[in-house]
Protein chains: 2
Amino acid sequence: MPDEIHAEAVEAPQGDVAADAVADRLRERISRGELPPGTPLRDAALAGELGVSRNTLREAVRLLVHEGLAVHQLYKGAAVKRLDVADVHDIYAARRCVELRAVEESVYSPTEALENLDRRVTEAERAAAAERWNEAGTFSLGFHRAVVHLLGSARLDRFFDTTAAQLRLAFAEFPQEQDFQAQYVPRDRVVCDLLRSGGRAEAATALRQYLDDSERQVVDMVRAAAAARQN
Amino acid sequence: MPDEIHAEAVEAPQGDVAADAVADRLRERISRGELPPGTPLRDAALAGELGVSRNTLREAVRLLVHEGLAVHQLYKGAAVKRLDVADVHDIYAARRCVELRAVEESVYSPTEALENLDRRVTEAERAAAAERWNEAGTFSLGFHRAVVHLLGSARLDRFFDTTAAQLRLAFAEFPQEQDFQAQYVPRDRVVCDLLRSGGRAEAATALRQYLDDSERQVVDMVRAAAAARQN
DNA sequence: CTAGCAGGATTGTTCATCAAAATTGAGCCC
DNA sequence: GGGCTCAATTTTGATGAACAATCCTGCTAG
């Protein structure tokens, strides 16, 4: 019998510590756009809201800053990171590096791993067909994550995750714009099929184009967001 | 007039907060092997030693855990990470991905950036000639960092830094073994010169061999350390 | 209208406290 | 002697209150 439950129920997501759990919840909120870029993360308020002490919350926020999801100014506290154009270029440079390499090395991947790719794209296609755009975008990123996973490095997987989480900040400012991203699902399909049929070089070319186009679009979004902010 | 100075003088390394400064100092200590892998990071003791509160120290340790320099067990605290063979494979998979990609993309790099590579190798050579092996190893890693830097992504640079810091954990267990690493300096030179002369493919091949050999050696080191621990 | 100055709010950091779990060690049984 | 139990001690995880330093805001004075 729950005697008293705080604003948001306190379920331990990991077999781990409170600060990590809090960080998870903040990450989640940020990624769904609930805490849009620029939102100040005031520790007293958030601590109360999440039912933890200010100290614990501060630890969590520090992790987010370390992950690049928030920025910090001395005596001014933390705020959800706002991507600028340079960030987007940086993120896509990182994606190109990791994803293209993964494609090139995919010859060594077991077919089982390649089947996994197919599953992700199929998920994304289903979501797109049902016009659940947001979900389609998530699954699409899942496909790219699976591509990186071909390299077999947990550290690279983690790096991709944090980078992708940062990229979501761009969409978080423009929730409706996520629809646009769904247009990339067919191109995921192309890359996926080329990979499975061994068309390594073609897959790399297609993926590079994909990333270039996507980058351009996200840059435009970020610029638009900056302009809208100026109004 | 310093009225009272704590065990280790408290200079703010960043224009930032105490926890980050403490994390820096712990990182430094770990990387120079002063806190060898397996060392428990007891917060009361370290907090006293560094002249900060237990809370602040805990924030710093959590950052180290997040970076993979320490591991954490609930109710058992944190300890300096001890690399296992899987970690080494993982780290080298990441290095191959990032460094080889950098070499392949180096065609687009300004010659000025390539000159920077040369400077690093020269530093390493000088240190090796003077038989300052430890320093030579540091400069050698600096060369590889500069290679990654060709990709122009601050995020990839950071990723390489944390990965390299983890790799140092292997050497931290065997301080004397750093000598062996110095033997790689001539091979850095080869890769560097091939890059500057535009021998992109050859540079990639040489670098891949380099990484394979280095990985083998580090794996052996880790195995030896595990065996020695068993004694 | 602007400069500057209170006063309140927020941050950065420390300290003291408490429960929960791990570790230690003494005593005990076989 | 070897191995076990169980209590005392230590360490961790987390909280709440305190305080100085800095910021923000709104008011006043010129």
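This one's a predicted model, so the numbers in the text were calculated from it and none came from an experiment. Numbers given to residues run from 1 along each chain, matching the order in which its sequence is written. Note on labels: chains are lettered from A, ligands numbered from 1, in written order. For a predicted model such as this one, the threshold for reporting local features is a pLDDT of at least 70, and the threshold for listing and counting side-chain atom pairs is 80 or more; totals across whole chains, interfaces and linings nevertheless cover every residue. Side-chain numbers come from the whole structure's heavy atoms, not from hydrogens or water.

**A short note on the overall build of chain A**
Right, on to step 1. Each helix is a run of H or I in the DSSP string that is no shorter than four residues. Each strand is a run of E no shorter than two, and both are numbered from the N terminus. For chain A, the helix and strand inventory stands at ten helices and three strands.
Right, on to step 2. Helices and strands appear in chain A in the N-to-C order α-β-α-α-β-β-α-α-α-α-α-α-α.
Right, on to step 3. A compact globule built from 231 residues should have a C-alpha radius of gyration of about 17 Å, and chain A, at 19 Å, falls within 12% of that.
Right, on to step 4. Over its C-alpha atoms, taken along the principal directions, chain A stretches across nearly 55 × 50 × 35 Å.
Right, on to step 5. Sequence-distant contacts in chain A: of pairs separated by 6 or more residues, those separated by 24 or more amount to 71%.
Right, on to step 6. About 11,300 Å² of surface is accessible on chain A, with carbon and sulfur atoms providing 51% of the total.
Right, on to step 7. The charged-residue count follows a simple rule in which Lys and Arg add positive charge and Asp and Glu add negative charge, with His and chain termini not counted at all. Taken as the charge centre is NZ of Lys, CZ of Arg, CG of Asp or CD of Glu, depending on the residue. Chain A carries 30 positive and 38 negative side-chain charges, and their two centres are separated by 4 Å. The globule rule used here is 2.2 Å times the number of residues to the 0.38 power, and the radius of gyration it is set against is calculated over C-alpha atoms. Contacts are residue-level and defined by heavy atoms, with any inter-residue pair within 4.5 Å sufficient. The protein chains shown are the only cover counted for residues, whose accessible areas, like all others here, come from Shrake-Rupley with a 1.4 Å probe.

**A word on the packing of aromatic side chains**
Residue and element names in this part refer to chain B.
Right, on to step 1. The criterion for an aromatic pair is that two Phe, Tyr or Trp rings (for Trp, the six-membered ring) have centres within 6.5 Å, with stacked assigned to planes under 30 degrees apart, edge-to-face to planes over 60 apart and tilted to the rest. Across all of its chains, the model carries three aromatic pairs over all chains by this definition.
Right, on to step 2. Their ring planes at 55 degrees and their centres at 5.2 Å tell us that Tyr184 and Tyr210 sit as a pair that is tilted. Of this pair, Tyr184 sits in the loop between helix 8 (178-182) and helix 9 (185-196) while Tyr210 is found in helix 10 (residues 200-230), placing the two residues 26 residues apart along the sequence. Residue Tyr184 shares its accessibility class with Tyr210, and that shared class is buried. When a residue's accessible area, from a 1.4 Å probe over protein chains only, is under 20% of the maximum for its type it is buried; when over 50% it is exposed; and in between it is partly exposed.

**Some details on the pattern of salt bridges**
Right, on to step 1. Criterion for a salt bridge: a side-chain nitrogen of Lys or Arg within 4 Å of a carboxyl oxygen of Asp or Glu. One pass over the structure, following the stated rule, counts 60 salt bridges over all chains.
Right, on to step 2. For the salt bridge of Lys81 of chain B with Asp87 of chain B, the shortest nitrogen-to-oxygen distance reads 3.0 Å. Taken as a pair, Lys81 of chain B and Asp87 of chain B share a single burial class, namely buried.
Right, on to step 3. With a closest N to O distance of 3.1 Å, Arg229 of chain B and Glu173 of chain B form a salt bridge. Pair noted here: Arg229 of chain B is in helix 10 and Glu173 of chain B is in helix 7 (residues 154-173), with a separation of 56 residues, a long-range link.
Right, on to step 4. The class of Arg229 of chain B is partly exposed, set by a relative accessible area of 36%.
Right, on to step 5. In the salt-bridge network here, residues are joined through shared partners; they are Arg101, Glu104, Glu105 and Arg208 of chain A together with Arg101, Glu104, Glu105 and Arg208 of chain B.

**Digging into the sheet that holds strand 2 (residues 70-73) of chain B**
Residues and elements named next belong to chain B.
Right, on to step 1. Pairing is antiparallel in the open sheet, where three strands are placed in the order 1-3-2. Each edge of the open sheet is held by one strand with a lone partner, namely strand 1 (40-41) and strand 2.
Right, on to step 2. The pairing criterion for strands is at least two bridges between them, as found by DSSP. The sheet contact formed by strand 1 and strand 3 (residues 77-80) spans two bridges and is antiparallel. Residue pairing for strand 3: Leu41 is matched across the bridge by Ala78.

**Comments concerning the pairing of strand 3 of chain B**
Residues and elements named next belong to chain B.
Right, on to step 1. With four bridges joining them, strand 2 and strand 3 adopt antiparallel strand pairing. For Ala70, the partnering residue across the bridge sits in strand 3 and is Val80.
Right, on to step 2. The antiparallel pairing of strand 2 with strand 3 creates a hairpin that spans three residues between the two strands, and Tyr75 there sits at a positive phi of about 65 degrees.

**Remarks on the interface of chain B and chain A**
As a measure of interface size, the accessible area lost when the parts come together is often cited.
Right, on to step 1. Opposite the 36 residues of chain B that make contact, chain A presents 36 residues.
Right, on to step 2. Buried area between chain B and chain A, summed over both chains or domains, comes out near 3,200 Å², and the portion from carbon and sulfur atoms is 51%.
Right, on to step 3. Summed over the shared surface of chain B and chain A, the number is ten salt bridges.
Right, on to step 4. Glu104 of chain B is the salt-bridge partner of Arg101 of chain A, the closest N and O atoms lying 3.0 Å from each other.
Right, on to step 5. Polar contact is defined as a pair of N or O atoms within 3.5 Å, subject to the rule that within protein one atom must be able to donate a hydrogen and the other to accept it, and that residues adjacent in sequence are counted only when both atoms are side-chain atoms. Put simply, chain B and chain A have 21 residue pairs in polar contact (both at pLDDT 80 or more) between them.
Right, on to step 6. Of all the elements in the fold, those that place two or more residues in the side of chain B that touches chain A are helix 1 (18-31), helix 3 (54-67), helix 4 (85-105) and helix 7 of chain B.
Right, on to step 7. Broken down by element, the residue count for the side of chain B that touches chain A peaks at twelve residues, all from helix 4 of chain B.
Right, on to step 8. In the scheme used here, Gly and all other residues not listed as nonpolar or charged are polar, with Ala, Val, Leu, Ile, Met, Phe, Trp, Tyr, Cys and Pro taken as nonpolar and Asp, Glu, Lys and Arg as charged. Its residues assigned to classes, the side of chain B that touches chain A shows 14 nonpolar, seven polar and 15 charged. Each of two parts loses accessible area, computed with a 1.4 Å probe, when they are put together; buried area is these two losses added.

**Focus on the protein's contact with DNA strand C**
Right, on to step 1. Working definition: residue near molecule or strand if any one of its non-hydrogen atoms lies within 4 Å of it. Taken together, the neighbourhood of DNA strand C is formed by 20 residues, with Asp43, Arg58 and His72 of chain A together with Asn55 and Thr56 of chain B sitting nearest.
Right, on to step 2. Restricting the count to atoms of DNA strand C within 4 Å of the protein gives a sugar and phosphate share of 71%.
Right, on to step 3. Taking Tyr75 of chain A, its main chain carries an N or O atom lying 3.4 Å from a phosphate oxygen of DNA strand C.
Right, on to step 4. Asn55 of chain B is positioned such that a nitrogen or oxygen atom in its side chain is 2.5 Å from a base nitrogen of DNA strand C.
Right, on to step 5. Elements with a contribution of two residues or more to the surface near DNA strand C: helix 3 (54-67) and strand 2 (70-73) of chain A together with helix 3 of chain B.
Right, on to step 6. In the surface near DNA strand C, the residues fall into six nonpolar, eight polar and six charged.

**A short note on the relation of the copies chain B and chain A**
Right, on to step 1. When the copies are superposed, the least-squares fit takes in the C-alpha atoms of residues with a pLDDT of at least 70 in both. Take chain B, turn it by 180 degrees, move it 0.0 Å along the axis, and it overlays chain A with an RMSD of 0.0 Å. The transformation relating the two chain copies, once decomposed into turn and shift, fits a two-fold axis. Rotation axis and chain B: the residue whose C-alpha lies nearest the axis is Glu59 of chain B, separated from it by 2.8 Å.
Right, on to step 2. Most of the interface of chain B is mirrored in chain A, where 100% of its interface residues again form contacts.

**Some thoughts on the domain arrangement of chain A**
Residues and elements named next belong to chain A.
Right, on to step 1. When cut into domains, chain A gives domain 1 (18-80) and domain 2 (85-230).
Right, on to step 2. Domain borders in the structure are assigned automatically or taken from a domain database. The distance between the C-alpha centroids of domain 1 and domain 2 comes to 26 Å.
Right, on to step 3. Contacts between the two partners involve nine residues from domain 1 and, on the opposite side, six residues from domain 2.
Right, on to step 4. Of the roughly 630 Å² buried between domain 1 and domain 2, counting both surfaces, carbon and sulfur atoms make up 71%.
Right, on to step 5. Among the residues domain 1 hides against domain 2, the three largest losses belong to Ser31, Pro37 and Leu69. Together they make up 58% of the total.

**What about helix 1 of chain B?**
Right, on to step 1. Helix length check: helix 1 of chain B (14 residues) gives 20 Å between terminal C-alpha atoms against 20 Å at 1.5 Å per residue, within 8%.
Right, on to step 2. Three or more residues of helix 1 of chain B are buried, namely Ala19, Asp20, Ala21, Val22, Ala23, Arg25, Leu26, Arg29 and Ile30 of chain B.
Right, on to step 3. Packing partners of the buried residues in helix 1 of chain B comprise helix 3 of chain A together with helix 2 (43-50), helix 3, strand 3 and helix 7 of chain B.
Right, on to step 4. Once helix 1 of chain B ends, the next one or two residues include Gly33 of chain B, with phi positive near 80 degrees. For a helix, the expected span equals 1.5 Å multiplied by the residue count minus one.

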